[in-house]
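Structural characterization, general
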Amino acid sequence: MGVMLRLIHRGLALAVVLPLMVLVLSGAVLSVIPAWERAGAISPDSMSVADLAGRIAHRYPGVEQIKRLTSGKIIAFYSGPAGPAASVVDPSSGEPVSDYVRSPFERWMTSLHRAFFLSDGGRMAAGASAFAMLVLTLSGLQMTVRRMGGWRHLLGRSRGGGMQRLHTDLGRLAAVGLVLSAMTALYLSLTTFGLIPDGTAQLSAFPSVTSRGPALPVEQIEALRGIGLSQLRELTFPNAANPNDLFHLVTAAGEGYVDPASGEMLGWQDNSVARQIYEFIYMLHTGQGLWWLGLLLGVSALGVPVLGLSGAVVWSSRKHAHAPISDNVPAKDADTVILVGSESGSTWGFACTLHAALTANGHRVHVAPMDSLLRSYPSTQRMFVLTATYGDGAAPATAGAFLKRLDAITTPPPFPVAVLGFGDRQFPQFCQFARDVEAALARKGSRSLMPLDTIDRQSAQEFARWGKALSDVMGEDLVLIHVPERPRTDMLTLIERIDYGAEVQAPTCVLRFALPGRGMFARLMGHGWPRFAAGDLIAVLPPDCNLPRYYSLASSTRDGFVEICVRKHPGGLCSGLLHGLQPGDKIEAFVKANPAFRPAHGRKPVILIGAGTGIGPLAGFVRANGGCQPMHLYFGGRDPASDFLYEREIDGWLGEKRLTSLTTAFSRVKGGGYVQDRLRGDADRLRALITNGAQIMVCGGRDMAADVMQAVADVLAPLGLTPVVLKAQGRYVEDVY
């Protein structure tokens with residue numbers, strides 16, 4: 001289903017790109033007209049049609065028709081000295097405001113929008129383009145739902161790179177407007193060709209019996225006095241040369257004739273249901289009568305070109321990521337098969353690394369998408385399945401049909417299979433699709449070459465560790481050094497550093513860099529330094545190295561600088577580089593979004609738990625807490641005199657109410673301990689906060705995070721809750737290294 005949706009979405013977008021762009025851009029221009037007309041309208045609070053007609057008839061003795069536009073403007077059509085004329089009039093006085101001439105530009109744009117200047121054939125093409133926009137919007141929305149992990153997560157933070165997030169966020173914002181525009185356009189197109197009734201042929205025949213006698217002054221006609229000006233659509237006056245002619249009145253409720261002599265309504269006909277539906281849908285589509293809705297639909301339409309551009313960039317990047325692999329052996333000749341399930345293309349890079357290492361060892365290797373699973377592989381001795389997970393545990397783009405294909409194979413594969421999952425531990429369904437594949441293979445009776453393993457956030461180090469385990473299994477030297485494609489970077493200049501921890505043999509520093517300058521267009525195209533928030537990651541590239549090291553950001557774009565906390569590790573290439581920097585020195589870096597690690601919006605409490613440099617992003621959250629959302633910080637270190645990071649700033653944040661409470665634990669002082677000890681000691685308060693909807697955020701080393709999770713589990717036990725349950729609710733998130 002997912003693969004089919006992508007094919008439909010991409011293929012249809014390519015097929016209708018030109019007419020669709022014309023349709024949405026012309027529609028966006030036309031959407032401004034109702035608001036423009038509304039701004040120039042004069043609408044009295046209350047007035048009858050008779051009062052209006054009397055004033056205009058007095059000012060224009062030759063008046064033939066009065067129209068009230070949906071904007072509220074009143075137009076009088078009359079015979080002037082030079083022939084037929086029309087004026088916009090002030091209904092309160094009947095005096096002219098300006099001549100009424102419909103804009104040639106508006107007529108030209110309307111013809112372009114409705115029919116591409118091609119009469120009925122163009123109207124059909126416009127209708128088909130509207131249908132294509134509806135399919136594109138609904139298919140895109142369905143893919144977004146899958147990517148976000150279900151309908152209940154649809155409004156959550158988007159995932160992926162900058163252009164992917166732009167495409168997702170803009171698509172969600174524009175979806176309602178685009179669906180409304182497309183569905184109303186389809187309805188109007190069908191009524192144009194008579195496939196759906198519009199109720200226009202409803203008026204009864206012209207009355208054959210009328211009163212004899214002189215015509216009443218129009219302001220005294222009772223039938224017109226009972227109708228408010230807001231209901232008027234048009235009033236056509238009797239022909240002065242025809243004593244039997246009548247007023248023709250059209251209102252929002254219906255239409256009929258009025259006898260000018262008796263003042264009675266003749267032949268009144270209420271609008272049919274079909275007519276009411278037509279007028280309502282016409283109003284929704286054009287904004288005529290709902291100028292604000294027209295503007296909203298116009299803004300939604302303007303999102304389509306941006307969606308098209310961002311979608312093309314995302315598609316191109318995925319296609320580039322799946323470039324042909326050299327020395328790829330045909331499946332029938334391969335002794336090793338690697339099947340890849342990838343959403344964004346990054347998993348292909350790891351597959352290429354594995355392919356190259358196995359090929360260098362003399363193996364004949366075939367790499368293919370998981371959807372290319374065959375019923376048999378005659379020469380294969382082993383198979384590897386490398387797969388990411390899409391959304392809330394679903395198959396990624398190249399693996400949508402894998403489980404179905406596997407189910408159709410009646411005999412278990414004669415060779416062993418190893419499954420390696422790629423994902424992000426921040427998400428509740430971490431590597432869930434890889435687990436589903438492993439379970440499906442087990443049900444088929446497949447032998448396992450290695451136990452299921454997982455790679456967190458595309459870690460080259462974890463992949464190398466898996467490669468060492470694979471070497472032991474295969475009995476040969478296999479080194480997996482994954483070097484991702486060198487990303488686009490910027491140079492950051494250090495402007496300030498604060499050192500901590502030397503006295504407790506844990507040298508740590510807070511480094512602050514100036515923001516690089518890049519234009520808006522470059523950021524929009526996904527190039528240069530994008531907007532970022534505390535909790536996102538900065539990737540630092542040491543000289544002559546394509547393998548970035550990631551550090552959690554303690555600042556946001558709004559702060560105007562890039563800030564990180566770094567502890568120096570013995571032999572650490574990147575930490576040693578960073579600790580050696582002095583103000584004015586530069587590093588090469590780029591930003592990677594980490595949207596899963598953010599405080600929840602609203603007024604619910606947030607419990608921040610960190611140790612050592614793990615306080616970095618937590619400090620960033622507190623710094624950004626201008627709305628004073630309740631935040632409670634638990635911080636662990638060794639000695640407050642040496643490694644109490646952000647001590648001075650924390651004192652200020654407590655005074656500003658950005659931070660609600662602070663609890664510290666220092667392990668190398670008398671009566672010291674660890675953050676997990678403080679959590680257990682604060683069990684009652686924590687349970688009260690969690691009962692009130694608090695979110696728990698943990699940042700720090702893996703061992704610390706495991707101890708904290710156990711302490712939280714102990715605290716939650718009386719409530720019948722577990723950290724796993726809170727994780728599923730998005731109320732327990734970790735940034736662990």
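Preceding block: the structure.
Presented here is an overview of the structure given in this document. Model, not experiment: these values are computed from the prediction. Every chain begins its residue count from 1, and numbering advances along the sequence as written. Where totals are concerned, whole chains, interfaces and linings use all residues; where local detail is concerned, this predicted model gives features only for residues with pLDDT of at least 70, and gives and counts side-chain atom pairs only at 80 or more. Side-chain descriptors were evaluated using all non-hydrogen atoms of the structure, hydrogens and water having been removed beforehand.

Helix H13 (residues 460-474) packs onto helix H10 (residues 346-360) with a crossing angle of 35 degrees between their chain directions and a minimal axis gap of 12 Å. The crossing of H10 and H13 is right-handed. Residue-level inspection shows Phe350, Thr353, Leu354 and Leu358 of H10 in contact with H13, the latter providing Phe463, Trp466, Leu470 and Met474. Simply put, an axis is a line fit to the C-alpha atoms, just over the touching stretch for a helix, and the angle between two N-to-C directions goes from 0 to 180 degrees. Here a helix means four or more residues in a row that DSSP labels H or I, a strand means two or more in a row labelled E, and each is numbered from the N terminus. Helix crossings are classified by the rotation of the near helix relative to the far one: an anticlockwise turn of less than a right angle makes the crossing left-handed, while a clockwise turn makes it right-handed. In what follows, residue pairs with any heavy atoms lying within 4.5 Å of each other are defined as contacts.

Here the focus is the sheet that holds strand S11 (residues 382-388). Note on pairing: two strands pair once DSSP finds at least 2 bridges between them. An order of S10-S9-S11-S12-S13 is seen for the five strands of this open sheet, with the pairing classed as parallel. Each edge of the open sheet carries a strand with a single partner, namely strand S10 (365-369) and strand S13 (453-456). Taken over all neighbouring pairs, the strand axes of this sheet differ in orientation by 20 degrees on average, direction set aside. Bridge count between S11 and strand S12 (residues 417-423): six bridges; the pairing is parallel. By the bridge assignment, alanine 388 is partnered in S12 with phenylalanine 422. Each of strand S9 (336-341), S10, S11 and S12 is contacted by H10, which is oriented at about 170 degrees to S9, the strand it contacts most. Along the sheet, H13 contacts S11, S12 and S13; its crossing angle with S13, the most-contacted strand, is approximately 160 degrees.

Side-chain rings of Phe, Tyr and Trp, where Trp is taken by its six-membered ring, are said to pair if the distance between their centres is within 6.5 Å; with planes under 30 degrees apart they count as stacked, over 60 as edge-to-face, and otherwise as tilted. Summed over the entire model, instances satisfying the criterion amount to 18 aromatic pairs. Consider the rings of phenylalanine 384 and tryptophan 466, whose centres lie 6.0 Å apart with planes at 80 degrees: the pair is edge-to-face. Here the residue phenylalanine 384 occupies a position in strand S11, and tryptophan 466 occupies one in helix H13, the gap between them amounting to 82 residues. Each member of the pair phenylalanine 384 and tryptophan 466 is classed as buried. With a centroid separation of 5.8 Å and 20 degrees between ring planes, the pair formed by phenylalanine 635 and phenylalanine 644 is classed as stacked. When accessible area is computed with a 1.4 Å probe and restricted to protein chains, residues below 20% of their type maximum are described as buried, those above 50% as exposed, and intermediate ones as partly exposed. Judged by its relative accessible area of 0%, phenylalanine 635 falls in the buried class. Taking the relative accessible area as the measure of exposure, phenylalanine 644 reaches 10% and is therefore buried. Three or more aromatic residues joined by ring pairs make a cluster, and in this case those are Phe350, Phe384, Phe422, Phe463 and Trp466.

This brings us to a nonpolar patch on the surface. Surface patches are defined over residues having more than 30% relative accessible area and no salt bridge, joining like charges when they lie within 9 Å and nonpolar side chains (Val, Leu, Ile, Met, Phe, Trp, Tyr) when within 5 Å. Accessible surface is estimated by sampling points in the Shrake-Rupley manner with a 1.4 Å probe; for residues, cover comes only from the protein chains shown. A pairing counts as a salt bridge when a side-chain nitrogen of Lys or Arg comes within 4 Å of a carboxyl oxygen of Asp or Glu. Together, Val29, Phe105, Trp108 and Phe117 make up an exposed nonpolar region whose accessible area comes to about 400 Å². Structurally, the position occupied by valine 29 is in helix H1 (residues 2-30). Classification of valine 29 as partly exposed rests on a relative accessible area of 34%.

This brings us to the pairing of strand S20 (residues 606-611). Within S20, five of the six residues are buried, which leaves it mostly tucked inside the rest of the structure. The pairing of S20 with strand S21 (residues 631-637) spans six bridges and is parallel. Residue pairing for S21: valine 606 is matched across the bridge by methionine 631. Seen with its strands pointing away from the viewer, a crossover is right-handed if its path from the first strand over the helix to the second goes clockwise. The β-α-β motif built from S20, the intervening helix H16 (residues 615-623) and the parallel element S21 has right-handed crossover chirality. As defined by bridge partners, S20 adjoins strand S23 (residues 695-700) across five bridges and the pair is classed as parallel. Within S23, the position partnered with isoleucine 607 by the bridge is isoleucine 696.

Strand order in the open sheet formed by six strands is S17-S16-S19-S14-S15-S18, with antiparallel pairing between adjacent strands. Of all the strands in the sheet, the pair left with one neighbour each is strand S17 (549-552) and strand S18 (561-567). Neighbour-to-neighbour, the strand axes of this sheet turn through a mean angle of 40 degrees, independent of strand direction. Looking at chain direction, strand S16 (residues 537-541) and strand S19 (residues 586-592) are connected through five bridges and run antiparallel. If you follow leucine 537 over to S19, its bridge partner there is lysine 592.

It is worth spelling out the environment of leucine 654 at this point. Considering the arrangement of structural elements, one finds leucine 654 in helix H18 (residues 647-655). With 231 residues separating them in the primary sequence, leucine 654 and glycine 423 have C-alpha atoms 37 Å apart. Dropping the residues within four chain positions of it, leucine 654 is found in contact with Leu659, Thr660, Ser661 and Leu662.

With that settled, the discussion passes to the pattern of salt bridges. Within the structure shown, the criterion is met by 20 salt bridges. One salt bridge in this structure joins arginine 512 and glutamate 496, with 3.8 Å as the shortest N-O distance. Within this pair, whereas arginine 512 is found in strand S15 (residues 508-514), its partner glutamate 496 is found in strand S14 (residues 490-500), the two being separated by 16 residues in sequence. What makes arginine 512 partly exposed here is its relative accessible area of 21%. Note that lysine 727 and glutamate 734 form a salt bridge whose closest N and O atoms lie 2.8 Å from each other. We classify glutamate 734 as buried; its relative accessible area is 13%. Taken together, the shared-partner salt bridges in this structure form one network comprising Glu496, Arg512, Glu563 and Arg623.

Using protein atoms alone on a 1 Å grid, points that fit a 1.4 Å probe yet trap it form a cavity, whereas open point sets bounded by protein on both sides within 12 Å along at least five of seven lines form a pocket; residues with an atom within 4 Å of a point count as lining. Grid points are joined across faces, edges and corners, and a volume is the space filled by probe spheres set on the points. Within this structure, the stated rule accounts for one cavity of 30 Å³ or more. Of the volumes computed, that of the largest cavity is approximately 40 Å³. Every residue lining the largest cavity is listed: Ile607, Ile609, Leu679, Leu686, Ile690, Ile696, Val712 and Val715. Broken down by secondary-structure element, the contributors of at least two residues to the lining of the largest cavity are S20, helix H20 (683-691) and helix H21 (702-716). By residue class, the composition of the lining of the largest cavity is eight nonpolar, no polar and no charged. Basically, the charged four are Asp, Glu, Lys and Arg, the nonpolar ten are Ala, Val, Leu, Ile, Met, Phe, Trp, Tyr, Cys and Pro, and anything else, Gly included, counts as polar.

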